[in-house]
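One letter stands for each residue in the lines below.
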Amino acid sequence: MSDRRKFLKQLGSTVVLTSATLSSFAAMEDHERRILQAQKRVSSNDKIRIATIGMGIMGYNDTRAALTCPGVELVACCDLYQGRLQHAKEVFGANILTTNNYHEILDRKDIDAVIIATSDNWHSTIAIEAMHKGKAVYSEKPMVHYISEGLAEIKAQQETKAIFQVGSQRVSSLAFQKAKELYEAGAIGQINSVEASFNRQDAQGAWQYTIPLDASTQTVNWDRFQALEKTKLPYESNRFFRWRNYREYGTGVAGDLFVHLLSGIHFITGSKGPEKIFSIGGTYYWKDGRNVPDVMTAVIEYPSTKEHPAFQVALRVNFISGEGERSSTKIIGSEGVIDLDDDQGFTIHKNKMPVAPGIGGWDSLGTFTNDMQKQLLANYNTKYSDADKQRPVLLGVTYQSPDGYNSSNDHFANFMDSIRNGKPVVEDAVFGFRAAAPCLACNDSYFQNKVIHWDPVNMHLI
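The residue numbers shown here count from 1 along each chain, following its written sequence. Thresholds applied to this predicted model are a pLDDT of at least 70 for local features of residues and 80 or more for the giving and counting of side-chain atom pairs; totals over whole chains, interfaces and linings are not thresholded and use all residues. For side-chain calculations, the full set of non-hydrogen atoms in the structure is used, while hydrogens and water are omitted.

Asks: What is the right way to look at the overall build of the protein chain in this model?
Replies: Each helix corresponds to a stretch of at least 4 residues labelled H or I by DSSP, and each strand to a stretch of at least 2 residues labelled E; elements are numbered beginning at the N terminus. Within the protein chain, the regular secondary structure consists of 15 helices and 16 strands. Here the radius of gyration uses the C-alpha set of atoms, whereas the globule reference equals 2.2 Å times the residue count to the power 0.38. Here the protein chain has a C-alpha radius of gyration of 25 Å; the compact-globule value for 462 residues is 23 Å, and the two agree. Its C-alpha atoms give the protein chain principal-axis dimensions of roughly 90 × 55 × 40 Å. Exposure classes here rest on a 1.4 Å probe applied to the protein chains alone. A residue is buried below 20% of its type maximum, exposed above 50%, and partly exposed in between. Across the 462 residues in the protein chain, those meeting the buried criterion constitute 50%. Computing the positive centroid from 49 side-chain charges and the negative centroid from 52, the protein chain places the two 3 Å apart. Under the convention used here, Asp and Glu are negative, Lys and Arg are positive, and both His and the chain ends fall outside the count. Where a charge lies is defined by one atom per residue type, namely NZ (Lys), CZ (Arg), CG (Asp) and CD (Glu).

Asks: In this structure, what is going on with empty space enclosed by the protein? I would like to understand it.
Replies: Of the two site types, the cavity is a set of points on a 1 Å grid over the protein atoms alone where a 1.4 Å probe fits but cannot get out, and the pocket is an open set with protein on both sides within 12 Å along at least five of seven lines, each lined by residues with an atom within 4 Å of a point. Grid points are joined across faces, edges and corners, and a volume is the space filled by probe spheres set on the points. Applying the stated criterion across every chain yields a total of one cavity of 30 Å³ or more. What the largest cavity holds in volume is close to 40 Å³. Around the largest cavity sit N238, R242, N245, Y246, D288, G289 and R290, which together line it. Ten residue types, Ala, Val, Leu, Ile, Met, Phe, Trp, Tyr, Cys and Pro, are classed as nonpolar, four, Asp, Glu, Lys and Arg, as charged, and the remainder, Gly among them, as polar. Of the residues belonging to the lining of the largest cavity, the class tally is one nonpolar, three polar and three charged.

Asks: Looking at this model, I keep getting lost on the side chain of S172. Mind explaining?
Replies: Position of S172 among the secondary structure elements: in the loop between β6 (164-166) and α8 (174-184). By relative accessible area, S172 is classed as buried at 2%. Not counting chain neighbours up to four residues away, the residues in contact with S172 comprise Q177, Y405, S407, D410, H411, N414 and V426. We call two residues in contact whenever any of their non-hydrogen atoms come within 4.5 Å of each other.

Asks: What is the right way to read the nonpolar core from this model?
Replies: Among soluble globular proteins, nonpolar side chains are generally buried collectively. If you look at the biggest cluster of nonpolar residues, it comprises 81 residues, and the most contacted ones within it are V114, F258, I300, L315, I338, F346 and F433. In terms of residue count, the dominant contributor to this core is helix α11 (residues 252-269) (ten residues). Filtering out sequence-adjacent residues up to four positions away, V114 remains in contact with A51, I53, I105, L106, A130, K135, A136, V137 and Y138. To qualify as a nonpolar core, a set must consist of buried Ala, Val, Leu, Ile, Met, Phe, Trp, Tyr and Cys residues joined through side-chain atoms within 4.5 Å. By size, the runner-up hydrophobic cluster in this structure holds 21 residues, among which are M55, C77, F412 and A413.

Laid out in structure tokens, this is it:
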């Protein structure tokens with residue numbers, strides 16, 4: 001057991017983790033782990049050959065993160081826009097296979113794992129096919145486009161025994177791991193609510209991505225892109241290159257960003273999910289033809305379970321926030337708050353009520369007769385000591401991940417370790433679906449204007 005873990009086990013009412021102590025232990029452990037990972041000898045038999053399906057923003061970022069892992073080799077890339085395939089050869093080498101047909105990748109016997117970073121509507125279809133083809137699968141979140149796809153994808157993973165991991169990197173984040181340990185040690189008392197948000201204030205953050213000058217049906221395989229859609233539409237560059245703005249291909253702010261927030265919350269609390277979901281929103285600023293909100297707020301109710309007491313969660317995404325770009329998750333308990341800044345660090349502010357409930361001040365005491373006030377004060381002072389009347393002074397905690405830390409790299413390192421040694425992935429299909437489904441239910445609530453009821457254990461709508 002590491003010194004850091006021994007130290008955490010000593011956490012109690014009289015032991016406070018300081019900023020310097022927590023950071024030094026975390027940095028030491030991270031440094032040692034990275035040295036071991038970098039020095040690990042990888043034989044040719046241990047090499048993992050990967051392919052990426054969908055070479056948009058996440059496809060390139062995921063591929064780069066995967067290649068930080070020792071012994072990983074990129075073999076092929078798939079995308080429906082020719083320019084991205086040409087750029088893949090520029091970045092990763094002329095020898096990689098490039099194709100606009102993902103079946104060519106799944107049919108290759110020399111590919112061990114695939115990264116699925118397509119538009120949301122293709123995640124589940126490709127993942128299920130890939131697992132049945134014997135591939136390990138890293139699926140971008142949300143793992144499904146519709147709630148109805150979730151159980152079939154879980155079943156495919158269980159039947160094939162394929163390695164399957166969802167790409168919500170907070171589950172592998174150092175900061176979230178430390179926060180989870182402190183939460184479980186009782187650092188904030190009993191949880192009662194969570195406030196989590198993503199704010200942005202720029203066009204790219206609001207998904208108005210750059211469109212290449214040669215975008216057309218000659219360079220984009222539009223028919224394949226919308227092959228799953230019942231209603232076929234004429235080619236439109238916005239729908240292809242800015243697909244997150246459209247329900248037909250994406251899942252809006254709920255599927256893109258609420259999923260990150262809930263994944264982190266579920267990881268820290270050990271929750272299986274909520275029972276009741278309601279959301280409101282609208283398109284208040286980015287009136288560019290999108291059919292999903294640019295501002296959305298959801299209120300979600302979690303039941304009391306063996307993992308945690310009942311609590312509620314307020315989620316918000318604002319794509320035109322004067323606060324600027326910021327992500328925050330505040331886990332609020334009876335004796336403190338864990339305030340997570342994206343997935344890089346957090347602070348814990350601790351407050352505890354005194355034993356004595358207080359009397360006088362903003363209180364009904366002053367509305368009684370003078371004799372009654374004297375009697376009540378005398379009784380109060382007899383019952384409670386001076387110490388009982390004092391609010392405890394509790395030191396907080398600050399943690400920041402080491403400079404240059406990237407949780408996506410760790411998330412892929414965990415995925416590759418699972419492929420090599422068969423250990424459980426850090427975010428399996430069940431966890432991924434339990435995080436995604438309530439977020440997709442936020443969309444259902446918004447578009448149907450009603451409360452959505454969810455069974456988090458059996459994973460179905462009620």
